[in-house]
Amino acid sequence: MTLRVVIADDEDLIRAGLRIIIDAEPDLTVVGEAADGAAVVPVVRRERPDVVLMDVRMPALDGIQATERLLALDDPPKVLVVTTFENDDYVYDALRAGASGFLLKRARPDDLLRAVRLVAAGESLLFPAAIRMLAGRRPQSSARVPGIDRLTGREGDVLRLMTKGLSNNEIAAELVVSQETVKTHVGNVLAKLGARDRTQAVIAAYESGFVSPG
């Protein structure tokens, strides 16, 4: 199956470069572009992409607000934030808004392609150490995330390993259980936390204090 991608960036050169890299792959295709966050939603409604590459800093409407609007759609795409600086607070805000991961603009083409495929598949967490660092810069909240207290002990173990960026297969090896069992636990964690993917579950783990970013 070919993964459909939309690129949202206010720089023509960046959009052109990303299109060339993505369209060269047999399983990926760029189906639309937007030069501003406000233009992303109409493109996504029309083209129904699997993944949106979202510049976090754009005029008129930034990537954070654009991400929120996309995720309010029926059957929303996965959003992969593309940024210049990994320590940009805008990145964390975009992740909190529902983006599934982020990628640096200076990343190698192979890393870009891997990120698009990983975000589409939703199994692994992109750059867990960087997300932990960004979470650590935020004031610790005392508020409990709804559902966090309903996790079983084993589901809690799985969530802790998810924050480290482990895949289902790696979690299965760590806990000495089957991969199918891990998939079931991951699904339960997402459902109880009301998280649409692993990144949102990890953000909830940090913000609730269930896992310390330190």
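Residues numbered from 1 in each chain as written. Predicted model: local features only at pLDDT ≥ 70, side-chain atom pairs only at ≥ 80, totals over all residues. Heavy atoms only, no water.

## Quick look at the packing of helix H8 (residues 168-175) against helix H9 (residues 179-193)
So, point 1. One way to put it is that H8 packs onto H9 with a least axis distance of 8 Å and a crossing angle of 110 degrees. By the angle class used here, H8 and H9 are roughly perpendicular. For the pair formed by H8 and H9, the contact residues are Asn168, Asn169, Ile171 and Ala172 on the first element and Gln179, Val182, Lys183 and Val186 on the second.
So, point 2. Broken down by class, the residue content of the contact of H8 with H9 amounts to four nonpolar, three polar and one charged. (Axes fitted to C-alpha atoms, helices over the stretch in contact; angles between N-to-C directions. Helix = DSSP H or I, 4+ residues; strand = E, 2+ residues; numbered from the N terminus. Parallel < 35°, antiparallel > 145°, perpendicular 65-115°, else oblique. Contact = heavy atoms within 4.5 Å. Nonpolar A, V, L, I, M, F, W, Y, C, P; charged D, E, K, R; others polar.)

## Quick look at the pattern of salt bridges
So, point 1. Enumeration over the complete set of coordinates arrives at 19 salt bridges.
So, point 2. Glu47 serves as the salt-bridge partner of Arg4, at 3.3 Å between the closest nitrogen and oxygen. Here Arg4 is found in strand E1 (residues 3-8), whereas its partner Glu47 is found in helix H2 (residues 40-47), with 43 residues between them in sequence.
So, point 3. Two residues, Asp9 and Lys105, come together in a salt bridge whose shortest N-O distance is 3.2 Å. (Salt bridge = Lys/Arg side-chain N within 4 Å of Asp/Glu carboxyl O.)

## Quick look at helix H7 (residues 153-163)
So, point 1. Along H7, the residues that are buried comprise Glu155, Gly156, Val158, Leu159, Leu161, Met162 and Thr163.
So, point 2. Looking at the packing, one finds that the buried side of H7 touches helix H6 (128-136), H8, H9 and helix H10 (198-207).
So, point 3. The first or second residue beyond H7 is Gly165, which carries a positive phi of 85 degrees. (Buried < 20%, exposed > 50% of the residue type's maximum accessible area, 1.4 Å probe, protein only.)

## Here's the deal with the nonpolar core
So, point 1. Ranked by size, the top nonpolar core spans 56 residues in total, and within it Met54, Leu70, Leu159, Met162 and Leu193 carry the most contacts.
So, point 2. A total of six residues in this core trace back to one element, the largest contributor, which is H10.
So, point 3. Excluding residues within four positions of it along the chain, Met54 makes contact with Ala8, Val40, Gly63, Ala66, Thr67, Leu70, Val79, Leu80, Val81 and Val82.
So, point 4. With 19 residues, the next largest nonpolar core counts Leu3, Leu28, Leu112 and Leu118 among its residues. (Core = buried A, V, L, I, M, F, W, Y, C linked by side-chain atoms within 4.5 Å.)

Keep in mind these values describe shape, not function.
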